[in-house]
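# Per-entry structural report
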Amino acid sequence: MEKENIKVFKNIDQLSVFLGEQMINLINQKQENDFLSIALSGGSTPKAIFRYLSVHFREKIDWKKILFFWGDERCVSPDNEESNYKMTRESLFNFIPVPDENIFRVFGENEPFAEAERYSEIAKNKLKTIDGVPCFDLMLLGLGDDGHTASIFPGNDKVIKTEKIYDVAQNPYSGQKRITATLTTINASKKVIFLVTGQNKSEMVFRILNEKETQRTLPASMINPQSGELFWFLDEMAAKNLKL
Ligand code: 6PG
(Lines give C-alpha, C1' and ligand atoms only; values in the text may rest on other atoms or scores of the structure.)
Protein backbone atom coordinates (compact mmCIF):
# COMPACT_ATOMS: atom_id res chain seq x y z
CA MET A 1 0.00 0.00 0.00
CA GLU A 2 1.47 3.33 -1.08
CA LYS A 3 1.82 5.69 1.84
CA GLU A 4 0.13 8.50 -0.07
CA ASN A 5 -3.03 6.41 -0.25
CA ILE A 6 -3.26 6.36 3.54
CA LYS A 7 -4.78 9.58 4.87
CA VAL A 8 -4.85 10.19 8.61
CA PHE A 9 -7.18 12.83 10.04
CA LYS A 10 -7.34 14.38 13.50
CA ASN A 11 -10.97 13.34 13.88
CA ILE A 12 -14.00 12.08 11.97
CA ASP A 13 -15.15 15.62 11.13
CA GLN A 14 -11.91 16.37 9.28
CA LEU A 15 -12.15 12.97 7.58
CA SER A 16 -15.72 13.87 6.52
CA VAL A 17 -14.57 17.21 5.06
CA PHE A 18 -11.95 15.46 2.94
CA LEU A 19 -14.42 12.83 1.76
CA GLY A 20 -16.96 15.53 0.87
CA GLU A 21 -14.32 17.36 -1.16
CA GLN A 22 -13.36 14.11 -2.91
CA MET A 23 -17.03 13.60 -3.86
CA ILE A 24 -17.20 17.14 -5.29
CA ASN A 25 -14.06 16.49 -7.37
CA LEU A 26 -15.43 13.19 -8.66
CA ILE A 27 -18.75 14.80 -9.61
CA ASN A 28 -16.91 17.62 -11.41
CA GLN A 29 -15.11 15.01 -13.54
CA LYS A 30 -18.45 13.66 -14.80
CA GLN A 31 -19.97 14.68 -18.13
CA GLU A 32 -23.11 16.86 -18.13
CA ASN A 33 -25.59 13.96 -18.25
CA ASP A 34 -23.51 11.39 -16.40
CA PHE A 35 -23.88 10.31 -12.78
CA LEU A 36 -21.41 9.41 -10.04
CA SER A 37 -22.17 5.92 -8.73
CA ILE A 38 -21.42 5.38 -5.06
CA ALA A 39 -21.81 2.16 -3.05
CA LEU A 40 -22.29 3.07 0.61
CA SER A 41 -21.15 1.06 3.59
CA GLY A 42 -23.13 0.47 6.76
CA GLY A 43 -22.30 0.51 10.42
CA SER A 44 -21.64 3.36 12.88
CA THR A 45 -18.66 5.03 11.14
CA PRO A 46 -20.55 6.15 8.03
CA LYS A 47 -23.48 7.27 10.22
CA ALA A 48 -21.33 10.02 11.77
CA ILE A 49 -19.83 10.91 8.39
CA PHE A 50 -23.24 11.11 6.68
CA ARG A 51 -24.54 13.36 9.48
CA TYR A 52 -21.58 15.69 9.01
CA LEU A 53 -22.04 15.81 5.22
CA SER A 54 -25.79 16.40 5.59
CA VAL A 55 -25.05 19.58 7.57
CA HIS A 56 -21.83 20.95 6.10
CA PHE A 57 -22.05 19.76 2.49
CA ARG A 58 -25.80 20.04 1.88
CA GLU A 59 -25.26 22.97 -0.51
CA LYS A 60 -21.73 22.10 -1.65
CA ILE A 61 -22.39 18.70 -3.26
CA ASP A 62 -24.62 18.39 -6.34
CA TRP A 63 -26.50 15.44 -4.78
CA LYS A 64 -28.76 14.90 -7.81
CA LYS A 65 -25.64 13.85 -9.76
CA ILE A 66 -25.14 10.81 -7.53
CA LEU A 67 -26.63 7.31 -7.86
CA PHE A 68 -26.66 5.71 -4.41
CA PHE A 69 -26.19 1.96 -3.97
CA TRP A 70 -25.03 -0.10 -0.99
CA GLY A 71 -22.00 -2.34 -0.65
CA ASP A 72 -24.02 -4.43 1.76
CA GLU A 73 -27.33 -4.53 3.55
CA ARG A 74 -28.81 -6.54 6.38
CA CYS A 75 -31.69 -8.87 5.47
CA VAL A 76 -34.22 -6.84 7.41
CA SER A 77 -37.05 -4.51 6.46
CA PRO A 78 -36.23 -0.85 5.68
CA ASP A 79 -37.80 0.31 8.93
CA ASN A 80 -35.69 -2.03 11.06
CA GLU A 81 -33.05 -0.40 13.32
CA GLU A 82 -30.48 -2.74 11.75
CA SER A 83 -31.15 -1.49 8.21
CA ASN A 84 -28.26 0.35 6.52
CA TYR A 85 -30.88 2.03 4.34
CA LYS A 86 -32.73 3.33 7.42
CA MET A 87 -29.47 4.58 8.91
CA THR A 88 -28.61 6.39 5.65
CA ARG A 89 -32.08 7.88 5.26
CA GLU A 90 -32.08 9.20 8.83
CA SER A 91 -28.49 10.53 8.79
CA LEU A 92 -28.27 11.78 5.19
CA PHE A 93 -31.13 11.41 2.71
CA ASN A 94 -33.71 13.21 4.89
CA PHE A 95 -31.52 16.34 4.78
CA ILE A 96 -30.28 16.53 1.18
CA PRO A 97 -31.99 17.05 -2.20
CA VAL A 98 -31.49 13.54 -3.59
CA PRO A 99 -34.17 12.32 -6.03
CA ASP A 100 -35.78 9.04 -4.86
CA GLU A 101 -35.11 7.54 -8.29
CA ASN A 102 -31.36 7.87 -7.62
CA ILE A 103 -31.52 5.70 -4.51
CA PHE A 104 -31.22 1.97 -5.20
CA ARG A 105 -32.22 0.28 -1.97
CA VAL A 106 -31.43 -3.37 -1.33
CA PHE A 107 -34.79 -5.00 -0.50
CA GLY A 108 -33.64 -6.57 2.75
CA GLU A 109 -37.18 -7.80 3.34
CA ASN A 110 -37.05 -10.07 0.26
CA GLU A 111 -35.89 -13.65 0.03
CA PRO A 112 -32.06 -13.19 0.22
CA PHE A 113 -30.91 -15.22 -2.77
CA ALA A 114 -33.56 -13.73 -5.06
CA GLU A 115 -32.65 -10.24 -3.83
CA ALA A 116 -28.91 -10.77 -4.36
CA GLU A 117 -29.75 -11.74 -7.94
CA ARG A 118 -32.15 -8.81 -8.43
CA TYR A 119 -29.68 -6.28 -7.04
CA SER A 120 -26.85 -7.69 -9.17
CA GLU A 121 -29.01 -7.06 -12.26
CA ILE A 122 -29.85 -3.51 -11.14
CA ALA A 123 -26.14 -2.72 -10.69
CA LYS A 124 -25.31 -4.22 -14.10
CA ASN A 125 -28.10 -2.25 -15.79
CA LYS A 126 -27.32 1.11 -14.16
CA LEU A 127 -23.51 1.09 -14.22
CA LYS A 128 -20.81 0.68 -16.81
CA THR A 129 -19.59 -2.93 -16.77
CA ILE A 130 -16.30 -4.64 -17.60
CA ASP A 131 -16.63 -8.34 -18.47
CA GLY A 132 -20.18 -8.23 -17.07
CA VAL A 133 -19.08 -6.76 -13.71
CA PRO A 134 -20.52 -3.34 -12.74
CA CYS A 135 -17.86 -0.73 -11.99
CA PHE A 136 -18.75 1.64 -9.18
CA ASP A 137 -17.08 5.03 -9.36
CA LEU A 138 -16.71 5.01 -5.59
CA MET A 139 -17.00 2.08 -3.16
CA LEU A 140 -17.04 3.10 0.51
CA LEU A 141 -16.03 0.32 2.90
CA GLY A 142 -15.83 -0.11 6.64
CA LEU A 143 -13.53 -2.46 8.52
CA GLY A 144 -14.69 -4.86 11.19
CA ASP A 145 -12.28 -5.56 14.04
CA ASP A 146 -12.25 -9.17 12.79
CA GLY A 147 -11.06 -8.06 9.35
CA HIS A 148 -14.42 -8.26 7.58
CA THR A 149 -15.48 -5.64 5.10
CA ALA A 150 -18.88 -5.09 3.58
CA SER A 151 -20.48 -8.34 4.72
CA ILE A 152 -17.62 -10.56 3.64
CA PHE A 153 -16.56 -12.25 6.86
CA PRO A 154 -13.36 -14.23 7.53
CA GLY A 155 -13.75 -17.91 6.72
CA ASN A 156 -16.76 -17.45 4.44
CA ASP A 157 -14.94 -19.03 1.49
CA LYS A 158 -18.11 -19.38 -0.59
CA VAL A 159 -18.64 -15.62 -0.59
CA ILE A 160 -14.91 -14.88 -0.79
CA LYS A 161 -14.43 -17.05 -3.88
CA THR A 162 -17.69 -16.38 -5.76
CA GLU A 163 -17.76 -14.57 -9.08
CA LYS A 164 -21.28 -13.31 -8.40
CA ILE A 165 -21.87 -9.55 -8.31
CA TYR A 166 -23.82 -9.63 -5.02
CA ASP A 167 -24.19 -12.70 -2.84
CA VAL A 168 -25.87 -13.78 0.36
CA ALA A 169 -23.61 -13.78 3.45
CA GLN A 170 -24.19 -14.33 7.12
CA ASN A 171 -22.89 -12.48 10.14
CA PRO A 172 -21.18 -15.39 11.96
CA TYR A 173 -21.75 -13.82 15.37
CA SER A 174 -25.47 -13.03 15.08
CA GLY A 175 -26.47 -15.41 12.29
CA GLN A 176 -28.05 -12.44 10.53
CA LYS A 177 -28.25 -12.87 6.75
CA ARG A 178 -26.73 -10.11 4.65
CA ILE A 179 -26.65 -9.15 0.97
CA THR A 180 -23.11 -8.15 0.07
CA ALA A 181 -21.08 -6.93 -2.87
CA THR A 182 -18.48 -9.58 -3.55
CA LEU A 183 -14.72 -9.14 -4.01
CA THR A 184 -15.40 -9.43 -7.75
CA THR A 185 -17.52 -6.30 -7.61
CA ILE A 186 -15.54 -4.36 -5.01
CA ASN A 187 -12.27 -4.92 -6.89
CA ALA A 188 -13.87 -3.72 -10.14
CA SER A 189 -14.49 -0.27 -8.59
CA LYS A 190 -12.65 2.79 -9.87
CA LYS A 191 -11.98 4.07 -6.36
CA VAL A 192 -12.30 2.20 -3.07
CA ILE A 193 -12.05 4.11 0.20
CA PHE A 194 -11.90 2.41 3.60
CA LEU A 195 -13.42 4.70 6.24
CA VAL A 196 -12.04 3.54 9.60
CA THR A 197 -12.11 5.34 12.94
CA GLY A 198 -11.60 4.45 16.57
CA GLN A 199 -8.90 2.85 18.69
CA ASN A 200 -10.66 -0.54 18.56
CA LYS A 201 -9.71 -0.81 14.87
CA SER A 202 -6.02 0.16 15.27
CA GLU A 203 -4.70 -3.42 15.58
CA MET A 204 -6.66 -4.64 12.57
CA VAL A 205 -5.64 -1.59 10.51
CA PHE A 206 -1.99 -2.32 11.30
CA ARG A 207 -2.43 -6.02 10.44
CA ILE A 208 -4.20 -5.39 7.13
CA LEU A 209 -1.72 -2.72 5.98
CA ASN A 210 1.32 -4.78 6.96
CA GLU A 211 0.26 -8.27 5.89
CA LYS A 212 2.49 -9.88 3.35
CA GLU A 213 0.94 -10.70 -0.02
CA THR A 214 1.04 -14.42 0.83
CA GLN A 215 -0.70 -14.04 4.17
CA ARG A 216 -3.86 -12.40 2.87
CA THR A 217 -6.52 -14.41 4.69
CA LEU A 218 -8.75 -11.59 5.86
CA PRO A 219 -11.40 -10.20 3.50
CA ALA A 220 -10.30 -6.59 4.03
CA SER A 221 -6.78 -7.51 2.88
CA MET A 222 -8.23 -9.00 -0.32
CA ILE A 223 -9.43 -5.57 -1.48
CA ASN A 224 -7.16 -4.82 -4.41
CA PRO A 225 -8.91 -2.95 -7.23
CA GLN A 226 -7.69 -4.35 -10.57
CA SER A 227 -7.49 -1.00 -12.31
CA GLY A 228 -8.87 1.29 -9.62
CA GLU A 229 -7.36 3.09 -6.66
CA LEU A 230 -7.47 2.06 -3.00
CA PHE A 231 -7.41 4.60 -0.18
CA TRP A 232 -7.61 4.38 3.60
CA PHE A 233 -9.16 7.35 5.41
CA LEU A 234 -8.33 6.91 9.11
CA ASP A 235 -8.63 8.98 12.23
CA GLU A 236 -5.57 9.24 14.50
CA MET A 237 -6.90 6.56 16.86
CA ALA A 238 -7.36 3.97 14.14
CA ALA A 239 -3.91 4.85 12.70
CA LYS A 240 -2.03 4.87 16.01
CA ASN A 241 -0.04 1.68 15.33
CA LEU A 242 1.08 2.76 11.85
CA LYS A 243 4.52 4.21 11.14
CA LEU A 244 3.79 6.68 8.34
C1 6PG B 1 -22.23 -3.23 7.97
C2 6PG B 1 -20.98 -2.81 7.30
C3 6PG B 1 -19.78 -3.42 7.97
C4 6PG B 1 -19.15 -2.28 8.72
C5 6PG B 1 -18.07 -2.76 9.63
C6 6PG B 1 -17.55 -1.58 10.47
O7 6PG B 1 -23.27 -3.32 7.31
O8 6PG B 1 -22.17 -3.36 9.21
O9 6PG B 1 -20.94 -2.72 6.02
O10 6PG B 1 -18.84 -3.97 7.09
O11 6PG B 1 -18.62 -1.36 7.77
O12 6PG B 1 -18.62 -3.74 10.49
O13 6PG B 1 -18.64 -1.09 11.20
P14 6PG B 1 -18.46 0.17 12.20
O15 6PG B 1 -18.18 1.32 11.33
O16 6PG B 1 -19.79 0.24 12.90
O17 6PG B 1 -17.31 -0.19 13.10
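Residues numbered from 1 in each chain as written. Predicted model: local features only at pLDDT ≥ 70, side-chain atom pairs only at ≥ 80, totals over all residues. Heavy atoms only, no water.

## Describing the nonpolar core
Let me state the cut-off plainly: Here, the term nonpolar core denotes a set of buried Ala, Val, Leu, Ile, Met, Phe, Trp, Tyr and Cys residues that are joined through side-chain atoms within 4.5 Å. Each residue is assigned to one of three classes by its accessible area relative to the maximum for its type, calculated with a 1.4 Å probe on protein chains only: buried under 20%, partly exposed between the two thresholds, exposed over 50%. Contacts are assigned to residue pairs with any non-hydrogen atoms lying within 4.5 Å of each other.
If you look at the biggest cluster of nonpolar residues, it comprises 77 residues, and the most contacted ones within it are Trp63 and Trp232. Aside from chain neighbours lying at most four places away, what touches Trp232 is Met1, Asn5, Ile6, Lys7, Leu143, Phe194, Val196, Val205, Ile208 and Leu209.

## Some details on the pairing of strand E3 (residues 66-70)
To keep things clear, this is the line we draw: Per the convention used, a helix needs a DSSP run of H or I reaching at least four residues, while a strand needs a run of E reaching at least two, with both numbered from the N terminus. For two strands to be treated as a pair, DSSP must find no fewer than two bridges joining them.
Most of E3 is tucked away, with five of its five residues classed as buried. With burial as the criterion, each face of E3 is covered, one bearing Ile66, Phe68 and Trp70 and the other bearing Leu67 and Phe69. Note: strand E2 (residues 36-40) against E3, five bridges, orientation parallel. What sits directly across from Leu36, in E3, is Ile66.

## Points about the packing of helix H2 (residues 44-56) against helix H3 (residues 84-91)
When two helices pack together, you describe them by how their axes are tilted relative to each other and by the distance separating the axes. Under the convention used in this document: Helix axes use the C-alpha atoms of the stretch in contact, all axes being lines fitted to C-alpha atoms, and the angles between their N-to-C directions lie in the range 0 to 180 degrees. When an angle is under 35 degrees it counts as roughly parallel; over 145 it counts as roughly antiparallel; between 65 and 115 it counts as roughly perpendicular; any other value is oblique. Note: crossing handedness is left-handed where the near helix turns anticlockwise from the far helix by less than a right angle, and right-handed where it turns clockwise. The nonpolar class holds Ala, Val, Leu, Ile, Met, Phe, Trp, Tyr, Cys and Pro. Asp, Glu, Lys and Arg form the charged class, and all remaining residues, Gly among them, are polar.
As a packed pair, H2 and H3 sit with axes 8 Å apart at the nearest point and diverge in direction by 30 degrees. Relative to H3, H2 is oriented roughly parallel. By crossing handedness, the relation of H2 to H3 is classed as right-handed. The segment H2 lies against H3, with Pro46, Lys47, Phe50, Arg51 and Ser54 engaging Met87, Thr88 and Ser91. Among the residues forming the contact of H2 with H3, the class breakdown is three nonpolar, three polar and two charged.

## A short note on empty space enclosed by the protein
Selection rule: Think of a 1 Å grid over just the protein atoms. A cavity is a set of points where a 1.4 Å probe fits yet cannot get out, a pocket is an open set with protein on both sides within 12 Å along at least five of seven lines, and lining residues have an atom within 4 Å of a point. Grid points are joined across faces, edges and corners, and a volume is the space filled by probe spheres set on the points.
One pass over the structure, following the stated rule, counts one cavity of 30 Å³ or more. The volume enclosed by the largest cavity comes to roughly 40 Å³. Along its surface, the largest cavity is lined by Met23, Ile38, Leu40, Phe50, Leu53, Trp63, Phe68, Leu92 and Leu140. Put simply, the parts of the chain that give the lining of the largest cavity at least two residues each are E2 and H2. Its residues assigned to classes, the lining of the largest cavity shows nine nonpolar, no polar and no charged.

## What about the pairing of strand E7 (residues 138-141)?
Neither face of E7 is open: one carries Leu138 and Leu140, the other Met139 and Leu141, and all of them are buried. One ladder, built from two bridges, connects E2 with E7; its direction is parallel. Its bridge partner being in E7, Ala39 is matched across the sheet by Met139. As paired strands, E7 and strand E10 (residues 191-196) are joined by three bridges and run parallel to one another. Its bridge partner lying in E10, Leu141 is registered against Phe194.

## Some remarks on the pattern of salt bridges
Using the following cut-off: Salt-bridge detection follows one rule: a side-chain nitrogen of Lys or Arg within 4 Å of a carboxyl oxygen of Asp or Glu.
Throughout the structure, instances matching the rule amount to 17 salt bridges. A salt bridge links Glu90 to Lys86, with the nearest nitrogen and oxygen atoms 2.7 Å apart. Of this pair, Glu90 and Lys86 are both found in helix H3, four residues apart, which corresponds to roughly one turn of the helix. Asp167 is the partner of Lys164 in a salt bridge, and the nearest nitrogen-oxygen pair spans 3.5 Å. Lys164 gets classed as partly exposed once you look at its relative accessible area, which sits at 39%. One salt-bridge network, held together by shared partners, links Lys30, Asp34, Lys128, Asp137 and Lys190.

Without other data, these values stay purely geometric and don't point to any function.
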